[in-house]
Amino acid sequence: FENFNPVQSRVFEFFDKDINALIAARTSAGKTVIAEMFLAHEIRVRGGKGMFLAPLKALAQEKIDQWTDPDSHFGDINISICTGDYRITPKRQMELDESNLIIMTSEMLNHRARNIKSEKSAYLKDIGTLVIDESHLLTVPGRGEHLEVGLMKFTQINPKARIVLLSATMPNNGWPIPQNRF
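Every value quoted in this text rests on a predicted model; they were computed, and no experiment measured them. For every chain, the first residue of the written sequence is number 1, and numbering continues from 1 onward in sequence order. Under the rules for a predicted model, residues below a pLDDT of 70 receive no local features and side-chain atom pairs below 80 are neither given nor counted, while totals for whole chains, interfaces and linings still include all residues. With hydrogens and water excluded, all non-hydrogen atoms of the structure serve as input to the side-chain values.

Q: What's the story with the layout of surface pockets in this structure? I'm lost.
A: In this approach, a probe sized like a water molecule rolls over the atoms, and the result shows the empty space that is left. Cavity and pocket criteria rest on a 1 Å grid covering protein atoms alone: a 1.4 Å probe that fits but cannot get out defines a cavity, protein on both sides within 12 Å along at least 5 of 7 lines defines an open pocket, and an atom within 4 Å of a point defines a lining residue. Grid points are joined across faces, edges and corners, and a volume is the space filled by probe spheres set on the points. In this structure, the largest pocket spans a volume of roughly 250 Å³. Taken together, 16 residues line the largest pocket, and the ones lying closest to its centre are K31, T32, K63, D133 and E134. The numbering of helices and of strands both runs from the N terminus, where a helix is a DSSP run of H or I of at least 4 residues and a strand a run of E of at least 2. Elements that contribute at least two residues to the lining of the largest pocket include exactly α2 (31-45), β2 (49-54) and α3 (57-67). Note on residue categories: nonpolar means Ala, Val, Leu, Ile, Met, Phe, Trp, Tyr, Cys or Pro, charged means Asp, Glu, Lys or Arg, and polar means any other residue, Gly included. Among the residues making up the lining of the largest pocket, the classes are represented as seven nonpolar, four polar and five charged.

Q: Could you clarify how one ought to interpret empty space enclosed by the protein in this entry?
A: Scanning all chains against the criterion turns up one cavity of 30 Å³ or more. As a volume, the largest cavity reaches approximately 50 Å³. Lining the largest cavity are L53, A54, P55, S106, I132, D133, L137, R143 and L147. Looking at the lining of the largest cavity residue by residue, the classes come out as six nonpolar, one polar and two charged.

Q: Help me understand the sheet that holds strand β6 (residues 162-167) in this model?
A: Strands belonging to one sheet form pairs held by backbone hydrogen bonds; the direction of such a pair is parallel or antiparallel. In spatial order, the strands read β1-β6-β5-β2-β4-β3; together these six strands make up an open sheet with parallel pairing. Edge strands, defined here as strands with exactly one partner in the open sheet, are β1 (21-24) and β3 (79-82). Across this sheet, the average inter-strand angle for adjacent strands is 15°, counted without regard to direction. Sheet analysis places β2 next to strand β4 (residues 101-105), joined by five bridges and oriented parallel. Residue pairing for β4: F52 is matched across the bridge by I103. Its contacts with the sheet put helix α4 (residues 90-98) on β2, β3 and β4, and the angle it makes with β3 is roughly 130°. Strands are labelled as partners when DSSP assigns at least two bridges between them. Simply put, an axis is a line fit to the C-alpha atoms, just over the touching stretch for a helix, and the angle between two N-to-C directions goes from 0 to 180 degrees. Contacts are assigned to residue pairs that have any heavy atoms within 4.5 Å of one another.

Spatial relationships are all this shows, so hold off on functional conclusions.
Given below as structure tokens:
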């Protein structure tokens, strides 16, 4: 495409800053492009490693298929996937350590972060930007707990990583907004 849409244009003002972000925008507003902006900046400019959390194994597979295509702008970097379909062998561990971009499910982040000492998952400490797709799942019973615990453990392991939350349906219905916090 030739131009960013209004949501992407707004994000363009800060994607390259050392910030955390919550992008709540409707479906088809270009959130995947926003994720790519943050991740590409991390990998290509900051020289770091990126991670993309997909809510489902099928969506993680879709992203790796899309981003490893030679015609993709990510086609020239090392990308790995880590879902329940893949066993963590020494070879897979080395692949994850050497990847520029890792695509993972929230359940797998939860598991890998809880077992970091036994698995020696150094790649979690190397992530500079973590993008969480469908972050509204934090509020969904049976799914949100994995994302919440995984995110909490990840930020303990790697407190300097940028966190980017993406959601088309982030609820805004009665969450209390603190008044006069300062």
